[in-house]
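Fold and contact review
Okay, here's what each chain looks like letter by letter:
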Amino acid sequence: MASLKQPLIWIIDGNHWERVNIRAVLIERGCEVEGFESIFHAVVTRCREIVEKPAAIVLEIKNLAYQSRELGDLVRIGAPVILLTGVYEGSMLADEHKWAAVLRRPFTIGQVAQTVERHAVKSN
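Reference entry: report on the structure contained in this document.

What counts and how
Residues numbered from 1 in each chain as written. Predicted model: local features only at pLDDT ≥ 70, side-chain atom pairs only at ≥ 80, totals over all residues. Heavy atoms only, no water. Buried < 20%, exposed > 50% of the residue type's maximum accessible area, 1.4 Å probe, protein only. Helix = DSSP H or I, 4+ residues; strand = E, 2+ residues; numbered from the N terminus. Pairing = 2+ DSSP bridges. Right-handed = clockwise from strand over helix to strand, strands pointing away. Core = buried A, V, L, I, M, F, W, Y, C linked by side-chain atoms within 4.5 Å. Contact = heavy atoms within 4.5 Å. Phe/Tyr/Trp six-rings, centres within 6.5 Å; stacked < 30°, edge-to-face > 60°.

1. Digging into the pairing of strand S3 (residues 56–60)
A large share of S3 lies buried, amounting to five of its five residues. Burial of the side chains of S3 extends over both faces: Ala56, Val58 and Glu60 are buried on one face and Ile57 and Leu59 on the other. Sheet topology note: the strand S1 (residues 8–12)/S3 ladder contains four bridges and is parallel. By the bridge assignment for S3, Ile9 is matched with Ala56. Across four bridges, S3 lies against strand S4 (residues 81–85) in parallel orientation. Among the inter-strand pairings, Glu60 is bridged to a residue of S4, identified as Leu84. Viewed along the sheet, the connection from S3 through helix H3 (residues 68–75) into S4 turns out right-handed.

2. Looking at the nonpolar core
With 18 residues, the main nonpolar core has Trp10, Ile12, Ile39, Ile57, Leu59 and Leu74 as its most contacted residues. Among the secondary structure elements, those contributing two or more residues to this core are S1, helix H2 (39–47), S3, H3 and S4. In this view, Ile39 contacts Ile12, Leu59, Leu64, Tyr66, Glu70, Leu71 and Leu74; residues no more than four positions away in its chain are not counted. Residues Ile11, Ala55, Ile82 and Leu103 belong to the second largest nonpolar core, which totals 17 residues.

3. Some words on the side chain of His119
For His119, the location among the structural elements is in helix H5 (residues 109–123). Its relative accessible area of 10% is what places His119 among the buried residues. Look past the residues within four positions of His119 in its chain and what remains in contact with it is Ala55, Pro80, Ile82, Ala100 and Ala101.

4. Observations concerning the packing of aromatic side chains
Tallied over the entire structure, the rule returns one aromatic pair. Relative to Phe36, the ring of Trp10 has its centre 5.0 Å away and its plane inclined at 65°; by these criteria the two rings are edge-to-face. You can see Trp10 sitting in strand S1 and its partner Phe36 sitting in strand S2 (residues 32–36), a full 26 residues away along the chain. Residue class for Trp10 comes out buried when judged on its relative accessible area of 0%.

Next up, the structure:
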């Protein structure tokens, strides 16, 4: 039986435990997952071609230090970006880029996983 290639998902979240929890659920659902603690690290990794282009990117913006330029660099990778945010952060970023989806708190990890699956399948 031929095995299907697992979609590569990036998770960018400055909070280690949030990143680990989302990663665990996505792995359980059959995804390959790379975690990054900053947008800078993700973009640099892709520019150096250390990892393949992701099928989708989960970006937790809460408490994440970043520069506006980094968001543009991330979007230019060409993968759907799913923005996880609160009301305040989301209102500031809603029109800045074309996000594949925006999940505002409160949301569950299951909702994040369903959104990732929907967009990762579309991009492959």
